[in-house]
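Below are the chains, spelled out letter by letter.
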Number of protein chains: 4
Amino acid sequence: MRMTSSTARPEFGKPEEGWRLRWYTVIFEADTRAGRRFDVALLLLILCSVLVVIIDSVEVVREREFFLLGILEWIFTLLFTVEYVVRLLCVKRPWRYATSFFGVIDLLSILPSYLAFFLPEFHVLVDIRLLRMLRVFRVMKIPRYFDESQVLLQALRNSRHKIMVFLATMAILSIILGTVMYVVEGPKNGFTSIPVSMYWAIVTMTTTGYGDIHPHTPLGQMITSLAMLLGYGVIALPTGIVGAELAMSMMARKPTTRTCPDCLTEGHEAEAGFCKHCGHALAPYQRDTG
Amino acid sequence: MRMTSSTARPEFGKPEEGWRLRWYTVIFEADTRAGRRFDVALLLLILCSVLVVIIDSVEVVREREFFLLGILEWIFTLLFTVEYVVRLLCVKRPWRYATSFFGVIDLLSILPSYLAFFLPEFHVLVDIRLLRMLRVFRVMKIPRYFDESQVLLQALRNSRHKIMVFLATMAILSIILGTVMYVVEGPKNGFTSIPVSMYWAIVTMTTTGYGDIHPHTPLGQMITSLAMLLGYGVIALPTGIVGAELAMSMMARKPTTRTCPDCLTEGHEAEAGFCKHCGHALAPYQRDTG
Amino acid sequence: MRMTSSTARPEFGKPEEGWRLRWYTVIFEADTRAGRRFDVALLLLILCSVLVVIIDSVEVVREREFFLLGILEWIFTLLFTVEYVVRLLCVKRPWRYATSFFGVIDLLSILPSYLAFFLPEFHVLVDIRLLRMLRVFRVMKIPRYFDESQVLLQALRNSRHKIMVFLATMAILSIILGTVMYVVEGPKNGFTSIPVSMYWAIVTMTTTGYGDIHPHTPLGQMITSLAMLLGYGVIALPTGIVGAELAMSMMARKPTTRTCPDCLTEGHEAEAGFCKHCGHALAPYQRDTG
Amino acid sequence: MRMTSSTARPEFGKPEEGWRLRWYTVIFEADTRAGRRFDVALLLLILCSVLVVIIDSVEVVREREFFLLGILEWIFTLLFTVEYVVRLLCVKRPWRYATSFFGVIDLLSILPSYLAFFLPEFHVLVDIRLLRMLRVFRVMKIPRYFDESQVLLQALRNSRHKIMVFLATMAILSIILGTVMYVVEGPKNGFTSIPVSMYWAIVTMTTTGYGDIHPHTPLGQMITSLAMLLGYGVIALPTGIVGAELAMSMMARKPTTRTCPDCLTEGHEAEAGFCKHCGHALAPYQRDTG
């Protein structure tokens, strides 16, 4: 889940001087004032272009505002093209940027508009522009949200093996349950094939329950009832896993204020009498009131 | 989430003497006997007026009891008007009350009835009266429920950054998933536009699953299955977050106040008779009442 | 939630001698061998009678097995009548038993059959017999399940104030959301009245989502999406509350093996050095491996 | 939930020498290089045969690829037959293997194909082959996933009594709720019998909500609303139970092994360099690999 952000990417090569260094600082580094402003402006631009793509899909609006939406699309395409070219120009190793995760997305988000100019059927690919929205995850670099995101990501990362076991169990259960229901209910009750039955099994076990496919025979309803009740226990696992993991990491992070007077290590437990890093005696713990 | 309650609001200005002070004590202060009685009576009145609004919306009843419901509405309007005027009269700074949160709601809840007298089309706004129901949250000032509400609000407040990250993730996921399904399933299968697809994505990822829109193509069903399983992990986060936060705050509140008079260790259990660290006798536990 | 069980109920009056004492021991006391056997037999009888009521509701079976089901019903009625009469005979204060919770249920479960003999329309009340099933909760007296039930009931009992706050919040949210959707969508889209809209709001916020009523207008779908996402945070509360409460009570119950050598009190914490009840020094804690 | 795996099963009798020992090592023991390869190959073969069964159920594909699917089925049948015969040959006590859990499944997965050769109606039983997929749970023996599976299984095993109490409560609630709704709504609104109403009650209380059956009368909708809200509290239990259980076992497993050589305090963190109680230097932490 580690998202490759473009903030201060040394691997692209920071240019040594001149306008390229100035532009590099603005575009790739978020710690200067101009850099932060560029980031916010880019994010707003991306959100606007996403909004246009979304609005463009509503037929009523598309028919009425055909002209306006077309102009807006070309404005965004040109702005993104300029941004892409400047990014290429001001890094030392343009190829590295062009082949990086966000480099490819940046290219993909402008290409379809140009291709559609010659071959109109490419226009449907304009929606790829939505991927640029992944830059929103840069918000996770904002200090206020960074810690929280880290705790959540850490909890997910620590639970990944458990979640794999859970997903494998779900997959096997859905195959078995899907096959049983395909045999019990059969195509005439909507369970037209095992893949469709497996789709039904997942819709049921996640308690989504669209109702597009549902059991009609008494035996099928009985199996469904059992599957829902037993499946509920299985479905309870990810919540429990992530919750327990979060409680653990939040507890482990709690006592961060105690500092060793000798080696300045932080985060000693409330009951500790000596620094766990250098063995120096700690001052008695001042508990918070509240 | 801090709800502005009208109990003992010094900023409105407590009058110094006479009938205004007496009325102020009854209406704005909940700690006297008359004040508590007024509070309960007002709450019952509000609940009755809400009930009338709800019942009034049932066509069968409205046609049969048109006259009775109209009379009840005017009784409530007059009572609320009297209350509003008295509130204005007995505070020192009426303007402050009139522009406060509950002051505006109190006015809005009586205005539509009077306007409808002249312009019948305003009658639909009578439902604004429902907002007065927010006064029910005064119940949170009742000692028995106050602590519990505080724990819940505290848990929500502590989790707010995590929940923001979660909501942002959900928003981005719903845009991506909505666009993918709009492209895969298309308008002919009910995914008529990206906004509608996003609505479907949220209905699916929260496992609500109305079934008004659902995938028809095998590819769409496969993407839906994956989205439900993976989305389940994301959806597990708020439960985990709030649960972990609650467990933390409940643990932190439990037995922290008892202190050994000899070695000053804190956190003895309520039933303990001797210090678990030095064996010194403890003073009898003073249990909270509530 | 404290279920009044009929096991060894001294308030009914234990007879002093003779056959009444023998029968009392069998029927009301579960600790003798005969008493346990009677309990198991009664439970099986109740389950069978419940099964007959359930099967009787299936039209296909009722038509085919009309005669058999009628006979079975009368057998159960007679057996329960005999049990009821014996219970009345062998206690010292029959009136007390007759007016106790299970006494009333026992009477109600046989009365409809007799009434239906004279007035056939009373037959529908035979289903009251299902209430006898509440005796199944006697299973909670079985040592193996008693502790577990206690932990669960304790967790629910400790959370009752929090759950009240949660239910009140849900009620207010459903009124507000129901009214908003009644105004936004209106009767033509299925939101025929505020009560129906409130029913929809609860179906939505609990993520059940039948789909019998669902938003049709873009604004309604937007409000629904927000309601589901925000409501998910509210819905996460009971899970979090009960989970945290369970974790607390399970943790509090954990260290039960340490025993004071002097006063034999159990359940000292792992880090305790002295008995918290008598102050006697404790042997060092032998931690489990595993 | 303890899954009988066929890895190194001494009860089948390890042959003493010759080709039977060599084959036994390959087929039944997973710790040698050849054994691991055989395991992986067998797993892939099983997954392929499952895939063929799934694809075979899609009518469009079955009609077009009738011939290819038939050949593939016979290839899998022959390969599984060879495997079955070799397994029988190379163990000392073939009968014990033949009557073991996986021995029976191995036989059942090849029998239907042969029977269908003579009696075509047996062909539907070919789906039994899916049960071979249970061998996938051997993946739980892979060290990386073993621990995680153990934690999850342990949490489920510890919660089994609580989950039994939960399932019993759900069963009783569904009978009572089903009967009430059968009486209130009746057959004309889809609640055709008590079993069907019970199916509806479980669909509702697990918040699946297909919508195939839903209340139509105001009273039914009110009861449903209450059932969903109150049922939500009950449904919250398994999540809470499993989550609390997981948190407990994860906490118990964390840093319990490190012991101070001087004061013998246990439970130091992995990064600690000195005892937090007496300040004595700790031996470097021996981290687990896995």
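Counting starts from 1 at the beginning of each chain's written sequence and moves along it residue by residue. Here every chain gets a letter starting at A, and every ligand a number starting at 1, in the order they are written. Owing to the predicted nature of the model, reporting of local features is limited to residues with pLDDT of at least 70; listing and counting of side-chain atom pairs is limited to 80 or more, with chain, interface and lining totals taken over all residues. Excluded from the side-chain calculations are hydrogens and water; all other atoms, namely the structure's heavy atoms, are used.

## What about the overall build of chain A?
Numbering goes from the N terminus for both helices and strands, where a helix is a DSSP run of H or I of at least four residues and a strand is a run of E of at least two. Within chain A, the regular secondary structure consists of eleven helices and zero strands. Walking chain A from its N terminus toward its C terminus, one meets helices and strands in the order α-α-α-α-α-α-α-α-α-α-α. Counting only residues that meet the buried cut, chain A has 49% of its 290 residues in that class. Within chain A, counting contacts between residues at least 6 apart in sequence, those at least 24 apart form 54% of the total. When the accessible surface of chain A is split by element, carbon and sulfur atoms take 68% of a total near 14600 Å². Here's how the labels work: a residue is buried when its accessible area is under 20% of the maximum for its type, exposed when over 50%, partly exposed in between, all with a 1.4 Å probe on protein chains only. A contact between two residues is defined here by any heavy atoms of the two lying within 4.5 Å. Accessible areas in this description were obtained via Shrake-Rupley with a 1.4 Å probe; residue shielding takes into account the shown protein chains only.

## Concerning the confidence of the model for chain A
Confidence of the predictor in every single residue is expressed as pLDDT, which spans 0 to 100. On average, residues of chain A carry a pLDDT of 77, and 76% of them reach 70 or more. In the predicted complex, the global pTM is 0.79; the interface-specific ipTM is 0.76.

## Quick look at the interface of chain D and chain C
At the interface, 42 residues of chain D touch 42 residues of chain C. Between chain D and chain C, the buried area comes to about 3900 Å², and carbon and sulfur atoms account for 76% of it. The term buried area refers to how much accessible surface (probe radius 1.4 Å) is lost by two components on association, counted for both of them together. Looking at the side of chain D facing chain C, the largest losses of area belong to Leu229, Tyr232 and Met248 of chain D, adding up to 16% of the total buried there. The salt bridge definition used is simple: a Lys or Arg side-chain nitrogen within 4 Å of an Asp or Glu carboxyl oxygen. If you look at where chain D meets chain C, you find zero salt bridges.

## Points about the relation of the copies chain D and chain C
The relation between the two copies of this chain is a rotation about an axis and a shift parallel to it. For the least-squares superposition of copies, only C-alpha atoms count, and only for residues with pLDDT at least 70 in both. With an RMSD of 1.3 Å, the fit of chain D onto chain C corresponds to turning through 90° and sliding 0.4 Å along the axis. One copy is carried onto the other by what is essentially a four-fold rotation axis. With a heterologous cut-off of 20% or less, the 14% of interface residues of chain D that recur at the interface of chain C puts this contact in the heterologous class.

## Let's talk about a nonpolar patch on the surface
Residue and element names in this part refer to chain B. In this analysis, a patch consists of residues with relative accessible area above 30% that form no salt bridge, clustered at 9 Å for like charges and at 5 Å for the nonpolar side chains Val, Leu, Ile, Met, Phe, Trp and Tyr. A contiguous nonpolar patch, built from Trp74, Leu78, Tyr114, Phe117, Phe118 and Leu119 and spanning about 650 Å² of accessible area, is present on the exposed surface. Elements with a minimum of two residues in the nonpolar patch: helix H4 (66-90) and helix H7 (111-118). By residue number, the principal contributor to the nonpolar patch is H7, which donates three residues. Of note, leucine 119 is situated in the loop between H7 and helix H8 (143-158).

## A look at the packing of helix H9 (residues 160-184) of chain D against helix H10 (residues 194-205) of chain D
Pairs of packed helices are described in terms of their axes, by the angle between the two and the distance that separates them. Residue and element names in this part refer to chain D. It is the contact of H9 with H10, at a shortest axis distance of 8 Å, that shows an interaxial angle of 120°. With respect to each other, H9 and H10 are oriented oblique. H10 is crossed by H9, and the crossing has right-handed handedness. In this structure, H9 uses Met170, Leu173, Ser174, Ile175, Leu177, Gly178, Thr179, Met181 and Tyr182 to contact H10, whose residues at the interface are Ile194, Ser197, Met198, Trp200, Ala201, Ile202 and Met205. The classification used treats Ala, Val, Leu, Ile, Met, Phe, Trp, Tyr, Cys and Pro as nonpolar, Asp, Glu, Lys and Arg as charged, and all other residues, Gly among them, as polar. Considering only residue class, the contact of H9 with H10 consists of twelve nonpolar, four polar and no charged. Here the axes come from fitting lines to C-alpha atoms, over the contacting stretch only for helices, and the angles between their N-to-C directions go from 0 to 180 degrees. Throughout, the term roughly parallel applies to angles under 35 degrees, roughly antiparallel to angles over 145, roughly perpendicular to angles from 65 to 115, and oblique to all others. Helix crossings get a hand from a simple test, with the near helix turned counterclockwise from the far one by less than a right angle marking a left-handed crossing and a clockwise turn marking a right-handed one.

## Some thoughts on the side chain of serine 174 of chain B
Residue and element names in this part refer to chain B. Tracing the chain through its elements places serine 174 in helix H9 (residues 160-184). For serine 174, a relative accessible area of 2% gives the class buried. With sequence-adjacent residues up to four places away left out, serine 174 is seen in contact with Met198, Ala201, Ile202 and Met205.

## Remarks on the environment of arginine 87 of chain D
Residue and element names in this part refer to chain D. Topologically, arginine 87 is positioned in helix H4 (residues 66-90). When the C-alpha positions of arginine 87 and phenylalanine 28 are compared, they lie 8.3 Å apart, and in sequence the two are 59 residues distant. Two N or O atoms count as a polar contact when they lie within 3.5 Å, although within protein this holds only if one can serve as hydrogen donor and the other as acceptor, and sequence-adjacent residues are included solely when both atoms are side-chain atoms. A polar side-chain atom of arginine 87 sits 2.7 Å from a polar atom in the side chain of glutamate 83.

## Some points on the pattern of salt bridges
All names here are of chain B. Per the stated rule, a full pass over the model turns up 15 salt bridges over all chains. A salt bridge links arginine 87 to aspartate 106; the shortest N-O distance between them is 3.9 Å. Within this pair, whereas arginine 87 is found in helix H4, its partner aspartate 106 is found in helix H6 (residues 101-108), the two being separated by 19 residues in sequence. Judged by its relative accessible area of 2%, aspartate 106 falls in the buried class.

## Topic: H4 of chain D
Residues and elements named next belong to chain D. Take the residue count of a helix, subtract one, and multiply by 1.5 Å to get its expected span. In a regular helix each residue adds 1.5 Å, so 25 residues correspond to 36 Å; H4 covers 36 Å between its end C-alpha atoms and thus fits that length. Of the positions making up H4, those classed as buried are Leu69, Glu73, Phe76, Thr77, Phe80, Thr81, Glu83, Tyr84, Val86, Arg87 and Cys90. Summarising the contacts, the buried residues of H4 are in contact with helix H1 (18-28), helix H2 (33-56), helix H3 (59-64), helix H5 (94-98), helix H6 (101-108) and helix H7 (111-118).

## Considerations on H10 of chain D
Residue and element names in this part refer to chain D. Compared with an ideal rise of 1.5 Å per residue, which puts twelve residues at 16 Å, H10 spans 16 Å between its outermost C-alpha atoms and is within 8% of the ideal. Of all twelve residues that make up H10, eleven are buried, and the element is covered over most of its length. Within H10, burial applies to Ile194, Val196, Ser197, Met198, Tyr199, Trp200, Ala201, Ile202, Val203, Thr204 and Met205. Threonine 207 occupies a position one or two residues after H10 and carries a positive phi of about 60°.

## Re the side chain of threonine 208 of chain D
Position of threonine 208 of chain D relative to the elements: it lies in the loop between H10 and helix H11 (218-253). A polar side-chain atom of threonine 208 of chain D sits 3.0 Å from a polar atom in the side chain of threonine 206 of chain D. If sequence neighbours within four positions are ignored, threonine 208 of chain D has contacts with Thr204, Thr207, Thr208, Gly209 and Met228 of chain A, Thr208 of chain B, Thr208 of chain C together with Val203 of chain D.

## Points about unusual backbone geometry
All names here are of chain C. Even without being a glycine, threonine 207 presents a positive backbone phi close to 55°. For threonine 207, the location among the structural elements is in the loop between helix H10 (194-205) and helix H11 (218-253). Looking at threonine 207, the relative accessible area reads 6%, which means it is buried.

## Focus: the packing of aromatic side chains
Aromatic ring pairs are described here by two measures, namely the spacing of the ring centres and the angle between the planes. Classification of ring pairs rests on two measures: the distance between centres of Phe, Tyr or Trp rings, Trp counted by its six-membered ring, which must be within 6.5 Å, and the angle between planes, read as stacked under 30 degrees, edge-to-face over 60 and tilted in between. This structure, assessed with the given rule, holds 20 aromatic pairs over all chains. Judged by centre distance (6.4 Å) and plane angle (25°), the rings of phenylalanine 76 of chain A and phenylalanine 80 of chain A are stacked. In this pair, phenylalanine 76 of chain A and phenylalanine 80 of chain A both sit in helix H4 (residues 66-90), four residues apart, roughly one turn of the helix. Both residues of the pair, phenylalanine 76 of chain A and phenylalanine 80 of chain A, count as buried. Each ring, one from tryptophan 74 of chain B and one from tyrosine 114 of chain B, has its centre 5.7 Å from the other, and the planes form 70°; the classification is edge-to-face. Placement of tryptophan 74 of chain B in helix H4 and of tyrosine 114 of chain B in helix H7 is noted, with a sequence separation of 40 residues between them. For tyrosine 114 of chain B, a relative accessible area of 30% puts it in the partly exposed group.

## Digging into the packing of H2 of chain D against H4 of chain D
All names here are of chain D. Where H2 contacts H4, the two axes come as close as 10 Å, and the packing angle between them is 145°. The handedness of the crossing between H2 and H4 comes out as left-handed. Residues Phe38, Leu42, Leu45, Ile46, Cys48, Ser49, Val52, Ile55 and Asp56 of H2 form the contact with H4, whose own contacting residues are Leu69, Leu72, Phe76, Leu79, Phe80, Glu83 and Arg87. Split into classes, the residues belonging to the contact of H2 with H4 amount to twelve nonpolar, one polar and three charged.

## Some details on the environment of threonine 204 of chain C
Take threonine 204 of chain C: it is sitting in helix H10. One polar contact links threonine 204 of chain C to tyrosine 210 of chain B, side chain to side chain, over a distance of 2.5 Å.

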